[in-house]
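Structure assessment
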Amino acid sequence: MSSIFGILLALLAIGIGMVLKGASLSALINPAAYLIIFGGTAAAILIAFPFSEIKKIHILLKIALFEPKLPSKAEQISSLVLCAEISRKEGILALEEFAVDTKDLFFKNGLEMIIDGHDIEFVEEVLLDEVAAIDKRHKTGALIFTQAGTYAPTLGVLGAVIGLIASLGNLNNVEKLGHSISAAFIATLLGIFSGYVLWHPIANKLKRISKKEQELKLLTIDGLLGVYQGLSPSALEKKLSVYIAPSDRKKFEKKTEDKVHEKSA
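Residues numbered from 1 in each chain as written. Predicted model: local features only at pLDDT ≥ 70, side-chain atom pairs only at ≥ 80, totals over all residues. Heavy atoms only, no water.

Here is the rule: UniProt positions are given in the numbering used here, feature names are shortened, and annotations may be inferred rather than shown by experiment.
An unreviewed UniProt entry lists the chain under the name Chemotaxis protein MotA, from Neobacillus ginsengisoli. Looking at the chain in UniProt, the text filed under Subcellular location (unreviewed entry) is "Cell membrane".

A word on the overall build of the chain
We apply this condition: A helix here means a DSSP run of H or I that spans at least four residues, while a strand means a run of E at least two residues long, and both kinds are numbered starting from the N terminus. Buried residues are those whose accessible area, probed at 1.4 Å on protein chains only, stays under 20% of the maximum for their type, while exposed residues exceed 50% and partly exposed ones sit between those limits. Note on definitions: a residue-residue contact is assigned when non-hydrogen atoms from the two residues lie within 4.5 Å. All accessible areas in this document rest on Shrake-Rupley with a 1.4 Å probe, and a residue is counted as covered only by the protein chains that are shown. Only four residue types enter the charge count, namely Lys and Arg as positive and Asp and Glu as negative; His and the chain termini do not. Charge positions come from single atoms, namely NZ of Lys, CZ of Arg, CG of Asp or CD of Glu.
The number of helices and strands found in the chain is 11 helices and zero strands. Its helices and strands in sequence order give the chain the pattern α-α-α-α-α-α-α-α-α-α-α, from N to C terminus. Going through the 265 residues of the chain one by one, you find that 37% of them count as buried. Put simply, of all contacts in the chain between residues at least 6 apart along the chain, 75% involve residues at least 24 apart. Summed over its atoms, the accessible surface of the chain is roughly 15,600 Å², and 63% of this surface lies on carbon and sulfur atoms. Separation between the mean location of the 29 positive side-chain charges and that of the 28 negative ones in the chain comes to 10 Å.

Observations concerning the packing of helix 4 (residues 57-65) against helix 8 (residues 120-167)
Using the following cut-off: An axis is simply a line fitted to the C-alpha atoms; with a helix, the fit covers only the stretch in contact. Between two such axes, the angle follows the N-to-C directions and lies from 0 to 180 degrees. In these notes the angle categories are as follows: under 35 degrees is roughly parallel, over 145 is roughly antiparallel, 65 to 115 is roughly perpendicular, and the rest is oblique. Throughout this entry, Asp, Glu, Lys and Arg are counted as charged residues, while Ala, Val, Leu, Ile, Met, Phe, Trp, Tyr, Cys and Pro are counted as nonpolar. The remaining residues, Gly among them, count as polar.
Orientation of helix 4 relative to helix 8, taken along the N-to-C sense of each, is 90 degrees, at an axis distance of 11 Å. In terms of orientation, helix 4 lies roughly perpendicular with respect to helix 8. Of the residues in helix 8, those in contact with Ile 57, Leu 60 and Leu 61 of helix 4 are Gly 141, Ile 144 and Phe 145. Its residues assigned to classes, the contact of helix 4 with helix 8 comprises five nonpolar, one polar and no charged.

As for the side chain of Ser 210
Which entries qualify depends on this criterion: Between N or O atoms, a polar contact is any pair within 3.5 Å; within protein, one atom must be a potential hydrogen donor and the other a potential acceptor, and residues adjacent in sequence are included only when both atoms are from side chains.
Structurally, Ser 210 can be placed in helix 9 (residues 174-228). For Ser 210, a relative accessible area of 5% translates into the label buried. One polar contact links Ser 210 to Gln 214, side chain to side chain, over a distance of 2.8 Å.

Some words on the pattern of salt bridges
The test is simple: A carboxyl oxygen of Asp or Glu within 4 Å of a side-chain nitrogen of Lys or Arg is what we treat as a salt bridge.
Under the counting rule described, the total for this entry stands at five salt bridges. The salt bridge involving Lys 89 is made with Glu 85; its shortest N-O contact spans 3.2 Å. In this pair, Lys 89 and Glu 85 both sit in helix 5 (residues 73-90), four residues apart, roughly one turn of the helix. Its relative accessible area of 17% is what places Glu 85 among the buried residues. Here Lys 139 makes a salt bridge to Asp 135, at a shortest N to O gap of 3.4 Å. On the criterion of helical spacing, the pair formed by Lys 139 and Asp 135 is a turn pair, its members being four residues apart in helix 8. In this structure Lys 139 comes out as exposed when scored by relative accessible area, which is 54%.

Have a look at this one:
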């Protein structure tokens, strides 16, 4: 939701800024400028990327504007420590019930491979390959918006040039000349705004979400391998606690103890 709030704040700031500078908000009603900037940006993206990647833009926008809820690192470590506790007491096969209950498909896939008795090297390789594939897909998605942010400001300059060319036809009419020049720079305004307030920040948001997800998956891999190797719950907790900021570790340790006691009861 922070993205939506940021966009609304940007619109409000620019609108108020225009009024304070004495510019009329009605100047923004310029269909030609919107066509040049947004139509031109869309055309440039279509030229630069295959349609198979572009058709996912609506999904990427949804992810950026409504960030998907992921388990926190503390929650994931607590689940892994619980797996170690179950494995220690009842054996690896006892994790099957936990695998059925978990909604995290990556976590579930790792547990199923462990339960099936695959070699630890194979489990690690498969999970790391999946993380690498996710990273590649996410980079492609973010690149679309990065490129849009690069094209839009340049198209704003193009729109301004087109507007100025049109204004040259009104040199004999001062009133129309002023209006034409004003309209010419609306395209520049829209280009800069969309590039640096929309597309580049959305690309950055997607990269941050991707990094957060990958860090969580790498933590999960370390934890699953530790469970497979038979690490004790306390040893696994110490091993994985490095993923959490020192200021949050005490809170995490208490939550882990409560969760393990609750499950053991």
